[in-house]
Amino acid sequence: MNDAITGLTDLKRAYENRNATSLAAKLDARTIIGYVGAAFPRELALAADALPIAITPQLGRPTPTADHYIEPVVSAEIRDLFESGVVGEFAHLDLLVITRPYAKLYYYLKEIYRQGRAPRLPPLHMFDLMQSRRDAVATYNEGRMRDLVDAIARVTNKRPDDNELAREIARSRRIRGLQQRLQDLRWQRALTGVDALIAFGAGAFLDPQAYEAALSEFVGTLASGAIPDRPRWLVVTSEPLSHSSLHRALEQAGGLVVAEDDAWGSRASGEDRPTHLLPMQALLHATCFDAATGQVFPAELREAWFESHVIKPEVDAVIFYIPPSDHQVGWDYPRLKAFAEHAGKPTLLIRHDARTEHGSTQIRAEASAFRDACAARTTSP
Amino acid sequence: MTKTVDAESSRARREDSTQLEVSRAARAYQREWFATLRREVFEEGRPYAISGPTVPHEIWEALDLPFITDVWYSGLVAAKQQGAYYSSYLARQGFHEGLSRYGALTLAVIMDEQNPDKPWGGLPKPALVCSNSEDRSAQLLARMSGAAYVPLETPSLRVLHPNWWSMSRWQWEDLDEPFRIDVMVEQLKELVAVSERIAGRKLDYERLAEIVDRVNRQEEYFDEIRTIIARAPKLPVRVGEVMSQVMRIQWHRGTEWALDAARAFRDEVQQRADAGQWVCPNEQYRLMYVGQGLWSNLDFFTEFEQRYGAVFVRSNYLSIASDGYLRYGNDPLRALASRYVTMSEQMHIPGLGSAWALHEAREHRIDGGLSNAGWWGGRMTTVALEEAGIPVLEFPLDPVGEKGLDDRRMREMVAEFIETRLAPLRQGA
């Protein structure tokens, strides 16, 4: 497949050089809002004429400042983001929104700023949405949405009206349609999991207009069956897959990743925003209940996607990626594993960190052995 | 049965090292309480609740609904030297070793239906589980028990007040912000509704107010104990015993027994201080412990007295009892909501935990600190203490299990710390 004519080049460029769009937009004096975490309503920033850009860690690099201030039990993801903040890598942002699963990052950054040791940190906003479907927290969540609108308005001088929000919701619906088409094509072996992850993830680092054009072009060139017959794997992950290292290792081992229970992949699109609600309420609803994070409650809601997809005939096996950073999903793992196996899907548990060279090597070896074992089971009389 | 032998020798050691009569009385009360719980719950089928530590048990006390706190029960499991057994039991069930065992040993005891040698006779399945919403092991416990589950989602802090302990008793609306307290009140109402259904009675808010008031008075006694320990010329009572005693009383907070026990505890510590009964007459170094309790080896805190004249004078457990629990006001549910809106987090959150530790270090005339490296936010506390001239030793510890360093290596590290970090400062002075 020739990247130059498929739109994948643009998507890859944005995925690999994640600051490029925001730095270029800064030169055009555009307001840039960085956000950490999936539970952030991008439409809100776009409607206020700001450019929302996801902030992700650069994994594998040294973090000497974080190592001084943050204990080893805290995830590499938070440590790296802290390092970025302290050394000034977020200085081009007009606002950095940190979502609830990253509250620790907010506290670390706030304290280091208070100490005068991170003077180039942009204004911080803690977007503390509780992703549970309970009346008890509904009023609180509405208040946090209003706070977010206020925080964005402070840096954009604009408070979007319903029409402007509706315009952005419509645009995101078009993009979601393309992403859903992309996912459909994955079931049909039209592309690798690595390319799919890039195509989904690039949207977090691009202006939506550019993303829509590049994704549309890419999807238009895909054809079912383009990837040779390989076992199709669904990935369940305990940490956000903002990198493609895991998929690369799994596919080098001979598998094809056709879906992942993660906002950086198959669940990037989510469901359409409810049409019976006012735009702000629709955004709140979607951000609360559809953003794929570990904080969704109850568990039935959090696991609904897994349960409905693991049983698909297009899934041959399930890969549980639970690296050492995990403190939560491991409690659900035995139950989810049993569910998958009850559905006739073999499972593999991976506990290595895909972001390290050593971890990737281990993953390749274990995934290869798993692939062979599954094949032997299939062919044995 | 090795576990039984270990538990017996541990019990004998504990009896030998016990300094306070109230400790013996509290242990006896705890045994009796467990026996009653087992009879009522096992034999009579009375429903009971299990919760995390940051849950307002006062509501259940007011409803006469028995309850167990998972981390405190895990502490009992560890004190019975069964932490390693149940930790590996969980691993055999597929729960990887990186998952916190702090509260989950309770889950393990309930899951493990084969082992007849369970701490305090084991636990039956609960009718209600309440925990922080991120505690997946508690959700699992509810699921496998068929119990009702009520999550408590604590709102993040927006404004950080470094001197939070000076605001928490009377100025908590400002400290915790009304909108954050509001969402906790709504969740507590949800907990009340589910608890009422299980208890089969309506919550009497006047009784709840009496209980909250009783808890405040109990925590005031703890506050006095902290002051006695901080101001006495030398340490009058060992920190391990203080931690155990505090947690036993906290478990039963709101009862007349707990209030009486706290008063007796205060009186006995005061008497020892007045009589000059010091833990280590040759006291040279005063140490503080930051982090979760070393429940499987409380004797560790006494091991440096003879050789170095080093005593541990302070842990989080006594100090948070007064600084974290006390809330005065007329609305008991709102006061409880304020207490739990940040309960425990104020010990971790960078800026809050470090300011508190530094304040406590100064109040207790601390020479050096030991910090559990597995405690999130601990490094900022270490940095703050070190920058203030108080050396800190960090080491990896599992508060209830066998992960982390072995005893011998831990002792070596502390000895080296005293010799190379604290002694030169003393000589310099």
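### Quick word on the overall build of chain B
- Along chain B, the regular secondary structure elements total 19 helices and 8 strands.
- The C-alpha radius of gyration of chain B comes to 21 Å, within 12% of the 22 Å expected for a compact globule of 429 residues.
- Judged by the C-alpha coordinates and their principal axes, chain B covers about 65 × 55 × 40 Å.
- Residues classed as buried in chain B amount to 64% of the 429 residues present.

### Describing the side chain of A:Asp353
Residue and element names in this part refer to chain A.
- Its place among the elements puts Asp-353 in the loop between β8 (347–350) and α15 (357–379).
- Taking the relative accessible area as the measure of exposure, Asp-353 reaches 19% and is therefore buried.
- A polar contact is formed between the side chain of Asp-353 and the side chain of Arg-355, at a distance of 2.8 Å.
- Ignoring any residue separated from it by four or fewer positions in sequence, one finds Asp-353 in contact with Tyr-321, Pro-323, Pro-324, Gly-359, Ser-360 and Ile-363.

### Notes on helix α14 (residues 316–323) of chain B
Residues and elements named next belong to chain B.
- In terms of burial, α14 is a largely internal element, 8 of the 8 residues being buried.
- Buried residues of α14: Asn-316, Tyr-317, Leu-318, Ser-319, Ile-320, Ala-321, Ser-322 and Asp-323, and no others.
- Where the residues of α14 are buried, they touch α10 (205–231), α11 (239–251), β5 (285–290), β6 (310–314), α16 (345–348) and α17 (352–363).

### Considering the pairing of strand β6 (residues 256–260) of chain A
- In terms of residue burial, β6(A) counts as a mostly covered element, since 5 of its 5 residues are buried.
- In the classification by handedness, the crossover that spans strand β5 (residues 232–237) of chain A, the intervening helix α11 (residues 245–252) of chain A and the parallel β6(A) is right-handed.

### Regarding the pattern of salt bridges
Residue and element names in this part refer to chain B.
- For the structure shown, the criterion picks out 65 salt bridges over all chains.
- One salt bridge in this structure joins Arg-46 and Glu-40, with 2.4 Å as the shortest N-O distance.
- The partly exposed category is assigned to Arg-46, whose relative accessible area is 28%.
- Within this structure, Arg-169, Asp-223, Arg-226, Arg-314, Asp-323 and Glu-360 form a network of salt bridges that share partners.

### A closer look at the confidence of the model for chain B
- Put simply, chain B has an average pLDDT of 91, and 93% of its residues get 70 or more.
- Scored by ipTM, the complex comes to 0.93, with pTM at 0.93.

### Digging into the nonpolar core
- Counting residues in hydrophobic clusters, the biggest one holds 229 residues, and the most contacted among them are A:Leu11 and A:Phe82.
- In terms of residue count, the dominant contributor to this core is α10(B) (9 residues).
- If we ignore the near neighbours within four places in the chain, the residues touching A:Leu11 are A:Ile198, A:Ala199, A:Ala202, A:Leu206, A:Tyr211, A:Ala214, A:Leu215 and A:Phe218.

### Thoughts on the sheet that holds β8(A)
All names here are of chain A.
- Strand order in the open sheet formed by 4 strands is β6-β5-β7-β8, with parallel pairing between adjacent strands. For this open sheet the edge positions go to β6 and β8, each flanked by a neighbour on one side alone. Averaged over all neighbouring strand pairs, the angle between strand axes comes to 30°, with direction disregarded.
- Two elements, strand β7 (residues 317–321) and β8, share 4 bridges in a ladder whose sense is parallel. Paired with Phe-320 across the two strands is Leu-349, which belongs to β8.
- Running at roughly 170° to β8, α15 makes contact with β5, β7 and β8 of the sheet.

### Here we look at the packing of helix α13 (residues 299–310) of chain A against helix α7 (residues 136–145) of chain B
- Two elements in contact, α13(A) and α7(B), have axes whose closest approach is 13 Å; the angle formed by their N-to-C orientations is 95°. Here α13(A) lies roughly perpendicular to α7(B), going by the angle between them. Contacts from A:Ala299, A:Glu300, A:Arg302 and A:Glu303 in α13(A) reach B:Arg136, B:Gln139 and B:Arg143 in α7(B).

### Comments concerning the interface of chain A and chain B
- The interface is formed by 50 residues belonging to chain A together with 45 residues belonging to chain B.
- Between chain A and chain B, a total of about 4000 Å² is buried, with carbon and sulfur atoms accounting for 57% of that surface.
- For chain A, the biggest contributors to the area lost against chain B are A:Tyr107, A:Arg134 and A:Trp331; these three give 22% of the whole.
- Taken together, the connections running from chain A to chain B amount to 6 salt bridges.
- Here A:Asp147 ties to B:Arg158 by a salt bridge, and the two come within 3.9 Å at their closest N and O atoms.
- At the junction of chain A with chain B, the criterion picks out 20 residue pairs in polar contact (both at pLDDT 80 or more).
- For the side of chain A that touches chain B, the elements supplying multiple residues, two or more each, are α4 (64–69), α6 (103–114), α7 (135–156), α13 and α14 (329–342) of chain A.
- A total of 8 residues in the side of chain A that touches chain B trace back to one element, the largest contributor, which is α6(A).
- Of the residues that constitute the side of chain A that touches chain B, the class distribution is 23 nonpolar, 9 polar and 18 charged.

### Looking at the packing of aromatic side chains
- In this structure the tally under the stated criterion is 27 aromatic pairs over all chains.
- Arranged with centres 4.5 Å apart and planes meeting at 15°, the rings of A:Tyr35 and A:Phe40 form a pair that is stacked. Of the two residues, A:Tyr35 and A:Phe40, neither departs from the other in class, the shared state being buried.
- The structure contains a cluster of three or more aromatic residues connected by ring pairs, namely A:Tyr69, A:Phe82, A:Tyr106, A:Tyr107, A:Tyr108 and B:Trp376.
- Seen from the ring of B:Trp376, A:Lys104 lies directly overhead, with NZ or CZ sitting 4.9 Å from the centre.
- Sitting above the plane of the A:Trp187 ring, A:Lys312 keeps its charged end 4.8 Å from the centroid.

### Notes on α7(B)
Residue and element names in this part refer to chain B.
- Within α7, 8 of the 10 residues are buried, which leaves it mostly tucked inside the rest of the structure.
- Regarding α7, the residues found buried are Arg-136, Ser-137, Ala-138, Gln-139, Leu-140, Leu-141, Ala-142 and Ser-145.
- Where α7 ends, the next residue or the one after it, Gly-146, has phi of about 70°, a positive value.

### Concerning the sheet that holds strand β4 (residues 124–127) of chain A
Residues and elements named next belong to chain A.
- Pairing in this open sheet of 4 strands is parallel, and the strands run β2-β1-β3-β4 from one edge to the other. The strands lining the two open edges of the sheet, one partner per strand, are β2 (50–54) and β4. Geometrically, the sheet is characterised by an average inter-axis angle of 25° between neighbouring strands, direction not taken into account.
- As paired elements, strand β3 (residues 95–99) and β4 share 4 bridges and run parallel to each other. The partner of Val-97 across the bridge, within β4, is His-125.
- With respect to the sheet, helix α2 (residues 20–27) is in contact with β1 (31–36) and β2, its orientation differing from that of β2 by roughly 155°.

### Some thoughts on the side chain of B:Ser133
- Among the secondary structure elements, B:Ser133 is positioned in the loop between β3 (128–132) and α7.
- Beyond its immediate sequence surroundings of up to four residues, B:Ser133 is in contact with B:Gln139, B:Tyr149, B:Pro151, B:Leu152 and B:Glu153.

### Overview of the packing of helix α2 (residues 21–43) of chain B against helix α12 (residues 256–274) of chain B
Residues and elements named next belong to chain B.
- Where α2 contacts α12, the axes come no closer than 9 Å and their chain directions differ by 160°. Relative to α12, the element α2 lies roughly antiparallel. Read as a crossing pair, α2 and α12 show a hand that is left-handed. On the side of α2, the interface is formed by Glu-21, Val-22, Ala-26 and Tyr-29, while α12 contributes Trp-257, Ala-264, Phe-265 and Glu-268.
- Among the residues making up the contact of α2 with α12, the classes are represented as 6 nonpolar, no polar and 2 charged.

Rules behind the numbers
- Within any chain, residue numbers begin from 1 and follow the written order of that chain's sequence.
- Chains and ligands are labelled sequentially in the order written, the chains with letters from A and the ligands with numbers from 1.
- It should be noted that, the model being predicted, local features are given only for residues of pLDDT at least 70 and side-chain atom pairs only at 80 or more, the latter also being counted only at that level, while totals for whole chains, interfaces and linings use all residues.
- The side-chain values count all of the structure's non-hydrogen atoms but skip hydrogen atoms and water molecules.
- Under the scheme used here, helices are H or I runs from DSSP no shorter than 4 residues and strands are E runs no shorter than 2 residues, and both carry numbers assigned from the N terminus.
- Radius of gyration means the value over C-alpha atoms here, while the globule rule gives 2.2 Å times the residue count to the 0.38 power.
- To sort residues, take the accessible area from a 1.4 Å probe on protein chains only and compare it with the maximum for the residue type: under 20% means buried, over 50% means exposed, and anything in between is partly exposed.
- Pairing of N or O atoms within 3.5 Å defines a polar contact, subject to two protein rules: one partner must be a possible hydrogen donor and the other a possible acceptor, and residues neighboring in sequence count only if both atoms are side-chain atoms.
- The contact definition used throughout considers only heavy atoms, calling two residues in contact when any of these lie within 4.5 Å.
- Here, the term right-handed applies to a crossover whose path from the first strand over the helix to the second runs clockwise when the strands point away from the viewer.
- For this document, the term salt bridge refers to a Lys or Arg side-chain nitrogen within 4 Å of an Asp or Glu carboxyl oxygen.
- pLDDT expresses, on a scale from 0 to 100, how confident the predictor is about each individual residue.
- Working definition of a nonpolar core: buried Ala, Val, Leu, Ile, Met, Phe, Trp, Tyr and Cys residues. They are joined through side-chain atoms within 4.5 Å.
- At least two bridges found by DSSP between two strands is the condition for calling them paired.
- Between N-to-C directions, angles cover 0 to 180 degrees, with each direction set by a line fitted to C-alpha atoms, over the stretch in contact for helices.
- Orientation is classified from the angle alone, with under 35 degrees giving roughly parallel, over 145 giving roughly antiparallel, 65 to 115 giving roughly perpendicular, and any other angle giving oblique.
- As used here, buried area is the combined drop in accessible area, with a 1.4 Å probe, of two parts when they are placed together.
- Asp, Glu, Lys and Arg are counted as charged, while Ala, Val, Leu, Ile, Met, Phe, Trp, Tyr, Cys and Pro are counted as nonpolar; the rest, among them Gly, fall into the polar class.
- Pairing of aromatic rings covers Phe, Tyr and Trp, the last counted by its six-membered ring, and requires centre-to-centre distances within 6.5 Å; plane angles under 30 degrees mean stacked, over 60 mean edge-to-face, and any other angle means tilted.
- As a reminder, the over-ring test applies to NZ of lysine and CZ of arginine, requiring each to be within 6 Å of the ring centre and within 35 degrees of the ring normal.
- By convention the crossing between two helices is left-handed if the near helix lies anticlockwise of the far one by an angle smaller than a right angle, and right-handed if it lies clockwise.

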